[in-house]
Amino acid sequence: QVQLVESGGGLVQAGGSLRLSCAPSGRAGSYYAMGWFRQGTTQEREFVAHISWSGDSTTYGDSAKGRFTISRDNAKHTVYLQMTNLRPDDTAVYYCAAVVYGRVTNYRPNEYDYWGQGTQVTVSS
């Protein structure tokens, strides 16, 4: 069982920045490929960013390119999402997710095995 805990969400003005953190507990001795997703007012959970277990490879969703950066510190078993130039349409609950049993090919939610409970990000105009 992998438990994921997100932190760092909050209220920020448009143009501001936030850094989200995701710290897996439980099987903290293992390193997993990790992703960030978000879910706003729509039902669909949107892909934001993905990072390989080593940190050598990253992938971004269209909404994140050029503004968000995913990174990890394996010594701390923590994955980060640095968000800059935030816009009101970035308002959502942000979730981190771990790939434990398979491989990600399409960056869809069903390819990730464990999820955190989410952290709210609200961007005011």
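Worth saying up front: this structure is predicted, and the values here are computed from it rather than measured.

Visitor: Describe the state of the cysteines, and please don't skip the residues or the numbers.
Guide: Cysteine pairs can be covalently joined through their sulfur atoms, and such a bond is termed a disulfide. Evaluation of the coordinates by the stated rule reveals one disulfide. Shown here is the disulfide that connects Cys-22 with Cys-96, its sulfur atoms set 2.0 Å apart. Between Cys-22 and Cys-96 the sulfur-sulfur dihedral comes to about 60°; the bridge is accordingly right-handed. In this pair, Cys-22 is assigned in strand β3 (residues 18-26) and Cys-96 in strand β9 (residues 92-99), connecting sequence segments 74 residues apart.

Visitor: Any details on unusual backbone geometry? Residues and values, ideally.
Guide: The phi torsion at Asn-85 lies on the positive side, around 50°, for a residue other than glycine. With respect to the helices and strands, Asn-85 occurs in the loop between β8 (78-83) and β9. Phi is positive for Tyr-107, close to 55°, though the residue is something other than glycine. Among the structural elements, Tyr-107 can be located in the loop between β9 and β10 (114-115). Overall, the relative accessible area of 24% leaves Tyr-107 in the partly exposed class.

Visitor: Describe the pattern of salt bridges, and please don't skip the residues or the numbers.
Guide: Per the counting criterion, the structure on display carries five salt bridges. The closest approach of N and O atoms between Lys-65 and Asp-62, which form a salt bridge, is 3.3 Å. Exposure class is identical for Lys-65 and Asp-62. Each is exposed. We note a salt bridge from Asp-90 to Arg-67, for which the minimum N-O separation is 2.7 Å. On the criterion of sequence distance, the pair formed by Asp-90 in the loop between β8 and β9 and Arg-67 in the loop between β6 (58-60) and β7 (68-73) is long-range, its members being 23 residues apart. Take Arg-67: its relative accessible area is 8%, and that puts it in the buried class.

What counts and how
Residues numbered from 1 in each chain as written. Predicted model: local features only at pLDDT ≥ 70, side-chain atom pairs only at ≥ 80, totals over all residues. Heavy atoms only, no water. Disulfide = S-S within 2.5 Å. Helix = DSSP H or I, 4+ residues; strand = E, 2+ residues; numbered from the N terminus. Buried < 20%, exposed > 50% of the residue type's maximum accessible area, 1.4 Å probe, protein only. Salt bridge = Lys/Arg side-chain N within 4 Å of Asp/Glu carboxyl O.

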